[in-house]
Each structure stands twice: as structure tokens, then as C-alpha cells.
Amino acid sequence: MSWSKPTGIFDRDVEWSELSRFVADERAGATLGVVSGRRRQGKTLLLYELARVTEGFYFGATEATGTESLRRLGEAIGRHTEAPGPVHLPDWAAAVDALLALGRDRPVTVAIDEFPYLVGAVRDLPSVIQHALTPGRPERTQSRTRLLLCGSAMSFMGGLLAGSAPLRGRAGLELPVQPLNYRAAAQFWGLSDPTLAVQVFAIVGGTPAYRREYVQDDAPTGPADFDDWVVRAVLNPARPLFREARYLLAEDPDLRDTSLYHSVLAAVAEGNATRGGIAGFIGRKSTDLQHPLTVLEDAGLLVREPDPLRSGRSRYRIAEPLVTFYQAVMRPAWTALEQRRGADVWRRSQRRYLSAVLGPSFEEMVRQWTLLFADPESVGGVVAEATAATLTDPATRTSHELDLVAFGEPPLGDGPRPLLAIGEAKWGRLIGRAELERLERVRNVLRGRPGIDAAGTRLLLASAEGFTDDLRATAARRDDLVLVDPRRLYEGD
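In this text the structure is predicted, and so the values were computed from the model without any measurement.

Enquirer: Quick question: what am I supposed to make of the packing of helix H9 (residues 182–189) against helix H10 (residues 194–204) here?
Expert: Between H9 and H10, the least distance of the axes is 10 Å, while the angle of their chain directions is 100 degrees. Relative to H10, the element H9 lies roughly perpendicular. Together, Tyr 182, Ala 185, Ala 186 and Trp 189 of H9 and Ala 197, Val 200, Phe 201 and Val 204 of H10 make up the contact between the two elements. Per-class residue counts for the contact of H9 with H10 are eight nonpolar, no polar and no charged.

Here it is in C-alpha cells:
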């Protein structure tokens, strides 16, 4: 059995399909699923609507003592089963068995939202659930409860099924709810102008709640309205979006030394993508950063990407665009912004916005284009990995920064990896012959590098400003040259 996705849920077709499949399973035996993702991605709406359309049970936990939460859960089960009053639950083992009992007659959705709140008050709750789901236990085998645990504390949820955690091996579904990709975000915000869509995405990314709850559907009406929109919707102390980046750090229980984490994020926002660069920016030893970097990764705020051209080296980037915008534009001018001088701050911050926010965001969108939307005919094959990289030319001892290296699927055996494309992406610069010749030189170096098959590597140039007539004419004659502008980024392949 399947259920149509409610009209109030935008996109999320894959997530709805996976959840529907999980809860419709007719087989005997209770099953467990885990749903995770940063706050404001629409997880609660997904689970609430899933419970509603399947006539299941939804319970949203709150920050409360274990005793109060147990009482609230008993009241909720009583209402769901239409019992004369609240169901008495003497302890959490009985509570979990009561949830399993809801599925005695048919598959029943049981969604427990904000699960980390419950574990914060009842530390052994994962172990209690582990015991309840013991194979062969009658309460499990005679139940078809489809138990979904959901949470936004990424470090906690990431460890729920990992290593020696009690629930390791118990889950039949592990579903991350990611932000909308840049094309879906443009549709969600109602933006048809691709250049404007890039500018908006560079600030608010693909978090659905930022349009609905945080700015009350206030979207830029067009390119001419963008600057005014930033001032009234993002730099306005009266709007919830104004403090959101700060709250993202405060919400995760593992982010205790917020000053250090803000400094690390500020370093990355300033363009310090390596551990050494971050250490130099904040005045710490590189060896001292292992813990804060790991914590920020586990919290879903930082992404570590190994450099495919430099063994053992990695680059860091901020996963949430709003955090980058806050660190680059808002944090340095926080006092002025609180004094409602947003328009002045925005005028003074244009250079920082372009270099630290818009440019890097455009580069990442180009990488996502090659992964998600580019036709294999355009980039020479199916892209399996797209990232930035640094190439060192051993002959000249010079380094070349590449905004894009796109590898194909690894070959069977020990053959070289196919390098499908290398590229450069510049937001505010007209691209011409000089950029093409640089990529050609880099490709020649890569063709002599062991472990890489660069024989058919395409050259990709991306720009919002445009391309010279000479470069466009060259691209029309060459199959190995790909030009990407904002229109192609959003509409083409």
C-alpha cells in the first residue's frame, strides 16, 4: 500500500517514498527506522503527515524530565486508542512495549519526534528500545509497529546506529533529510531569474523554514529588490532569520565552547579551507583542532572533503550558507546591525559578500551541477565525485587551485580513475582565453600523473558575468570545452 504525498509538503518525493515503503511493510515483527537532519528541513511535517494519512501515532517530545515525558506519552497513547483516560506507564520499558502494542492488528506508524530530548532525560532509553526489539521476543514478533525515531541533534543522531551503540543493527531505515538542492530551493522561493536565485541561495541555502516561518514568505520580487530584501529579511533584528546562525550552534548539545566554534567557522568563511589555515587564523596549533573540527562535522555544520590530488590533505567548507553569511557579513558588524543600521552594513559589506559568500557558493553550485544535473554527454560521463582540489606541478613547483575536479566511477581493479572534467568558476569576472589556456596547461600536467586517466578530460568554465565572444566561438568548435552560466546552471544540462 502507498499513500500520496500531501500537497503541503514541497519536494521530498524520495523521502516520502522511503517512509511510505517502511511503514507499509506487512511482514510480522516490529521494525525501527531513524530519521535525522538539521532543524528546519521539514522532518516534523513529514512525520506528522505520515502519521496522519496512515492513521498512525505521532508524539513530539519536549525538554522535560523523564517522569513528565512518560506521563505525556501515556496521555497521548490514551487519546490515540480512545481509552477512557491516560494509559498508565510505570517505566520506559512498559512505554516502549505500549508503543509496540499499537501495531498488533496491522502495520502502524509510530513516530517519536525530537528523540534526543527523551534521551537527555532518560539516558538508557536506546538500550530499553534495543531490548524491546530483541529478535524472538513476543512483544516484537506479535507487533507490526513501524517505530520511527527522529531528531535534529546531528552529533547524537549520527551516533545512534554507529559502532557499539545499543541500536546498532536494529534499524531497517536510516533516512537523512537534507536541505533542498539549489534548483528545488529556487522553485520553493518562487525565483525564476537564475542570477537572483544564486544570490538568494548563497544566503539562505535550501532550508525550507527560512522562507515560511522565518521571513513569512517575503521573497525578493526581482533582481532590483534583492538588496532591499537582504536588509529587511536577513539583517533586520525583528526577523527570526537575524539570529538563526547563532542558534544553530547553541542548539547542538555537543557544541559547548561556542566561542571556539565560531572562530573556526569564521576562519573557514574567510577562505581558510585547510586545518593549517584555520589554525593560523585563530591562533591555535593545528593539532589542537582535531576535536572542534570533528564536533562541527558531526553537527553537520562543516564538511570535510579530501583533496583527490593531494594524498592525506583535506579541505573544509561550511555546510550551511546562512552560517557563512553570518560569519562573513553579520558577525563583524553585529553591534551596528542590532542598532538597525542594516542598510549601512550591507553597503559596506559588498566586497566581503562577493568574495567570501557569493563566489564560494557559486563554485559549490557548479560542482553540484556536474553531480546532479549535467548530462553525461556534456562532461564526458557519469560524475561520481566533484570537489575542489590543488595540483602541484613538479616541473615548475607551482600550485594550481582548481574549483572543480570531477571524477567518474572508479574502474574495476587497480586501473586509473577517469578524470572527466576540471574547471574554474568565477562569479563577477568575464572569462576568456586566458582562463582556458590555464586549464589546458593544468590538464597537460594531469595527463602525466599516475593513477589518473586524463586523456578525455573536459574543460569547464563557469561565470555569471559571461564569456568573451572569442571563447564562445571556441566552445562551439570544441567538444572538450563546457561553458556554464547561471541559466544553464538552473535550466540546462
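Enquirer: Is there a simple way to explain the environment of Val 323 in this structure?
Expert: Relative to the elements of secondary structure, Val 323 occurs in helix H17 (residues 321–330). Taking the C-alpha atoms as reference points, Val 323 and Ala 162, 161 residues apart in sequence, are found 27 Å from one another. Among residues more than four places away in sequence, those in contact with Val 323 are Ala 245, Leu 248, Leu 265, Leu 301 and Ile 318.

Enquirer: Is there a simple way to think about H17 in this case?
Expert: With ten of ten residues buried, H17 is to be regarded as a mostly interior element. Looking only at H17, the buried set comprises Pro 321, Leu 322, Val 323, Thr 324, Phe 325, Tyr 326, Gln 327, Ala 328, Val 329 and Met 330. Regarding H17, its N-cap is Glu 320, as a side-chain oxygen of that residue lies 3.1 Å from the backbone nitrogen of Leu 322 further along.

Enquirer: It is not clear to me how the environment of Ala 475 should be interpreted in this structure. Could you clarify?
Expert: By the secondary structure assignment, Ala 475 is in helix H23 (residues 469–477). The buried category is assigned to Ala 475, whose relative accessible area is 18%. The spatial distance from the C-alpha of Ala 475 to the C-alpha of Ala 245 is 42 Å, given a sequence separation of 230 residues. If we ignore the near neighbours within four places in the chain, the residues touching Ala 475 are Leu 481 and Leu 483.

Enquirer: How should the packing of aromatic side chains be read in this particular structure?
Expert: Describing an aromatic ring pair means giving the distance of the ring centres and the angle of the ring planes. All chains considered together, the criterion is met by 17 aromatic pairs. Where Tyr 182 meets Phe 201, the ring centres are 6.5 Å apart and the plane angle is 75 degrees; that geometry is what we call edge-to-face. Of this pair, Tyr 182 sits in helix H9 while Phe 201 is found in helix H10, placing the two residues 19 residues apart along the sequence. The buried category is assigned to Phe 201, whose relative accessible area is 15%. In textbook terms, an aromatic cluster arises when at least three aromatic residues are bridged by ring pairs, as seen for Trp 189, Phe 226, Trp 229, Phe 325, Trp 346 and Tyr 353.

Enquirer: Explain the nonpolar core to me, please; I cannot follow it from the model alone.
Expert: One broad rule of soluble globular proteins: the nonpolar side chains tend to lie buried together. Core analysis: the largest hydrophobic core is formed by 88 residues, its most contacted members being Trp 189, Ile 203, Trp 229, Phe 325 and Leu 489. Ignoring anything within four residues of it in the chain, the contact list for Ile 203 reads Phe 226, Trp 229, Val 230, Val 234, Pro 321, Leu 322, Phe 325 and Tyr 353. Membership of the second largest hydrophobic core comes to 36 residues, among which are Ala 30, Ala 76, Met 157 and Leu 161.

Enquirer: I'm lost on the environment of Gly 456 in this one. Help?
Expert: Note on placement: Gly 456 falls in the loop between strand E11 (452–453) and strand E12 (458–463). A sequence separation of 132 residues divides Gly 456 from Thr 324, and the C-alpha atoms of the two residues are 36 Å apart.

Enquirer: Looking at this model, I keep getting lost on the side chain of His 262. Mind explaining?
Expert: As for its position among the elements, His 262 is in helix H14 (residues 258–269). Look at His 262 and you get buried, because its relative accessible area is 11%. Once you skip the residues sitting within four places of it in the chain, His 262 turns out to touch Leu 249, Tyr 326, Gln 327 and Arg 331.

Enquirer: I keep staring at the pairing of strand E10 (residues 417–426) and nothing clicks. Help me out?
Expert: On a regular strand, each side chain points to the face opposite its neighbour's, so the side chains alternate between the two faces of the sheet. Most of E10 is tucked away: seven of the ten residues are buried. Sheet topology note: the strand E9 (residues 398–408)/E10 ladder contains four bridges and is antiparallel. Following the sheet pairing, Leu 404 is matched in E10 by Gly 423. Direction of pairing for E10 relative to E12: parallel, over a ladder of six bridges.

Enquirer: Is there a simple way to explain the packing of H14 against helix H15 (residues 275–282) in this structure?
Expert: Any two packed helices are characterised by how steeply their axes cross, that is the angle between the axes, and by the distance between the axes. Packing of H14 against H15 leaves a shortest axis separation of 9 Å and a crossing angle of 120 degrees. Put simply, H14 runs oblique to H15. Considering the relative orientation of H14 and H15, their crossing is right-handed. Contact with H14, carried on its side by Leu 260, Ser 263, Val 264, Ala 266, Ala 267 and Val 268, involves Ile 278, Phe 281 and Ile 282 of H15 and no other residues of that element.

Enquirer: Help me understand the sheet that holds strand E2 (residues 57–60), please; the structure alone is not making it clear to me.
Expert: Note: strands within a sheet are paired through backbone hydrogen bonds, in either parallel or antiparallel orientation. Taken in spatial order, the five strands of this open sheet run E2-E3-E4-E1-E5, and their pairing is parallel. The sheet terminates laterally at E2 and strand E5 (171–176), the two strands that pair on one side only. Going across the sheet, the axis of each strand differs from the next one's by a mean of 15 degrees, ignoring polarity. Sheet topology places strand E1 (residues 31–36) next to E5; five bridges connect them, and they run parallel. The partner of Ser 36 across the bridge, within E5, is Pro 176.

Rules used throughout
Residues numbered from 1 in each chain as written. Predicted model: local features only at pLDDT ≥ 70, side-chain atom pairs only at ≥ 80, totals over all residues. Heavy atoms only, no water. Axes fitted to C-alpha atoms, helices over the stretch in contact; angles between N-to-C directions. Helix = DSSP H or I, 4+ residues; strand = E, 2+ residues; numbered from the N terminus. Parallel < 35°, antiparallel > 145°, perpendicular 65-115°, else oblique. Contact = heavy atoms within 4.5 Å. Nonpolar A, V, L, I, M, F, W, Y, C, P; charged D, E, K, R; others polar. Buried < 20%, exposed > 50% of the residue type's maximum accessible area, 1.4 Å probe, protein only. Polar contact = N/O pair within 3.5 Å; in protein donor to acceptor, adjacent residues only side chain to side chain. Phe/Tyr/Trp six-rings, centres within 6.5 Å; stacked < 30°, edge-to-face > 60°. Core = buried A, V, L, I, M, F, W, Y, C linked by side-chain atoms within 4.5 Å. Pairing = 2+ DSSP bridges. Left-handed = near helix turned anticlockwise from the far one by under 90°.

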